[in-house]
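Residue-level structural notes
Residue-level listing of the chains:
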Amino acid sequence: KAEIITIGDSVSMGGAGGLNPYYQDYIATNSHKTVMNINFLPQGFIETILILNNNGVFDELETKVIILESIENEVLRRYSKIINWDIHKDKEYVYKYLLKNKIPKPKPKPFFINNLNYNSLLYNLLYDYDDNAFYSKVYKMQLSKELFTSIEPDILLFINKDLSNLSSYNKDNIALINNNLNRLQKVLQKKNIKLYFMPVVDKYNLYSKYILNNKYKENVFFELFRPLQKDYILIDTKSILRELTDKGVKDVYYSDDTHWGFKASEEIFTQIKFK
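Quick caveat, the model's predicted, so the values are computed rather than measured.

1. Some remarks on helix 1 (residues 23-31)
Of all the residues in helix 1, the buried ones are Tyr23, Gln24, Tyr26, Ile27 and Ser31. End-on view of helix 1: buried residues confined to an arc of 160°, all on one side of the axis. Looking at the buried side of helix 1, the elements it contacts are strand 1 (4-7), strand 2 (35-37), strand 3 (65-71), strand 6 (194-200) and helix 12 (262-271). Immediately downstream of helix 1, the backbone of His32 shows phi near 60°, a positive value.

In structure tokens:
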């Protein structure tokens, strides 16, 4: 049985590493409910929920809550689209896909001399002249205060995808996401299942407030999303985690990674209560 089901990307699959990469542990501890993470099917995230709902998997698990998680810079691609609401796959397909043994391919060992050695030298020189060393996928920017426990505690590192969608957020595509989630909640409501949507704030979005001489656009995703009428529950990760960074809490996100750390999971699921 699984009273609470989580479906998402690497954040939901413990991709961050560290002390405790599974936010599901904090949900289980604080709610005293059983929690299960289910990988998404290739059809998509909303489609995965529709398939599991249509073929009775949620009935078997006696599910009461679904948490749908997504990193912010993938929300438009995943949810601002036309959904096939009649999609159906039988249980055999679902179980075969979700339960199949996935043997990871061994990673090849790099040679002592490789392009990473070259890039390390080059980037360290070029970052003095450009935020992403002209062609690196990682941006490096100065913060107004120390928010990490790394060697450079006042330096922010974030990936280029955090900037790629800044011009794409508008009322129309945000409204389509919201409409899709509202409709999904109405589908789930027939079985008394409550939907929570958790967009994981991009690292740039969370820390942009503290960047000195920031020349990049403000990320307005959450600001456009908050006022919309919702039948589901939004877990506003930007608002919750900004409270921590405003207080000067360090390592809410890892200094050298795109994922948040255990402090973020702990804070979010101390505030969010599941009945």
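2. Quick look at the sheet that holds strand 2
Ordered in space as 2-1-3-6-7, the 5 strands form an open sheet in which the pairing is parallel. Each end of this open sheet is capped by a strand with a single partner; those strands are strand 2 and strand 7 (233-234). In the sheet, strand 1 pairs with strand 3 via 4 bridges, with the strands oriented parallel. Bridge assignment links Ile7 to a residue of strand 3, and that residue is Leu68. In this fold helix 1 packs onto strand 1, strand 2, strand 3 and strand 6, with an angle of close to 165° to the strand it touches most, strand 1. Strand contacts of helix 2 (residues 45-54): strand 1, strand 3 and strand 6, with the helix running at about 160° to strand 3, the strand carrying the most contacts.

3. Considering the packing of aromatic side chains
Tallied over the entire structure, the rule returns 19 aromatic pairs. Centroid distance Tyr139 to Phe158: 5.3 Å. Interplanar angle 10°. Geometry classified as stacked. Remark: Phe158 occurs in strand 5 (residues 155-159) and Tyr139 occurs in strand 4 (residues 138-142); sequence separation between them is 19 residues. Relative accessible area serves as the criterion here: at 12%, Tyr139 is assigned to the buried category. Ring geometry for Phe221 versus Phe225: centroids 5.3 Å apart, planes at 35°, classification tilted. Placement of the pair is Phe221 and Phe225 together in helix 10 (residues 221-225), with a separation of 4 residues, close to one helical turn. Members of the aromatic cluster, each reached through a chain of ring pairs, are Phe40, Phe45, Tyr79, Tyr169, Phe197, Phe221, Phe222, Phe225 and Tyr232. Seen from the ring of Tyr93, Lys89 lies directly overhead, with NZ or CZ sitting 5.1 Å from the centre.

4. Remarks on the pairing of strand 6
On a regular strand, one side chain projects to one face of the sheet and the next to the other, so that they alternate. The buried fraction of strand 6 is high, at 6 of 7 residues. Inspection of the sheet shows strand 3 paired to strand 6 by 7 bridges, in the parallel sense. Bridge pairing links Glu69 to Met198 in strand 6. In this sheet, strand 7 lies alongside strand 6 in parallel orientation, the contact comprising 2 bridges. Pairing of Phe197 across the sheet is with Leu234, part of strand 7.

5. Some remarks on the environment of Thr270
Residue placement: Thr270 occurs in helix 12. Through-space distance from the C-alpha of Thr270 to that of Ile27 is 8.1 Å; in sequence the pair is 243 residues apart.

6. Thoughts on the side chain of Asp162
Relative to the helices and strands, Asp162 resides in helix 7 (residues 161-164). There is no salt bridge for the buried Asp162, and the closest opposite charge comes from Lys203, which lies 7.6 Å off by N-O distance. Engagement of the side chain of Asp162 in a polar contact is seen with the backbone nitrogen of Tyr204, the distance being 3.1 Å. Those residues in contact with Asp162, other than ones at most four positions away along the chain, are Asn73, Asp202, Lys203 and Tyr204.

Reading guide: rules and limits
- Within every chain, residues take consecutive numbers counted from 1 along the sequence as written.
- Restriction of local features to residues with pLDDT of at least 70 applies here, the model being predicted, together with a cutoff of 80 or more for giving and counting side-chain atom pairs; totals for whole chains, interfaces and linings are based on all residues.
- The side-chain figures draw on all heavy atoms in the structure; neither hydrogens nor water molecules are used.
- Categorising residues by exposure relies on relative accessible area from a 1.4 Å probe, with only protein chains included: less than 20% of the type maximum marks a residue as buried, more than 50% marks it as exposed, and the intermediate range marks it as partly exposed.
- Secondary structure elements follow DSSP: runs of H or I no shorter than four residues count as helices, runs of E no shorter than two count as strands, and numbering proceeds from the N terminus.
- As used here, the arc belongs to the directions running from the helix axis to the C-beta atoms.
- A contact between two residues is defined here by any heavy atoms of the two lying within 4.5 Å.
- Two strands qualify as a pair provided DSSP detects at least 2 bridges between them.
- Angles here are taken between N-to-C directions and fall from 0 to 180 degrees, while the axes themselves are lines fitted to C-alpha atoms, restricted in helices to the stretch in contact.
- Stacked, tilted and edge-to-face pairs are distinguished by plane angle, under 30 degrees for stacked and over 60 for edge-to-face with tilted covering the rest, among Phe, Tyr and Trp rings (Trp via its six-membered ring) whose centres lie within 6.5 Å.
- Should the NZ of a Lys or the CZ of an Arg lie within 6 Å of a ring centre and within 35 degrees of the ring normal, that charge is described as sitting over the ring.
- Charged-residue counts in this description rest on Lys and Arg as positive and Asp and Glu as negative, His and the chain ends being excluded.
- Note on definitions: salt bridges are taken to be side-chain nitrogens of Lys or Arg within 4 Å of carboxyl oxygens of Asp or Glu.
- Polar contact is defined as a pair of N or O atoms within 3.5 Å, subject to the rule that within protein one atom must be able to donate a hydrogen and the other to accept it, and that residues adjacent in sequence are counted only when both atoms are side-chain atoms.

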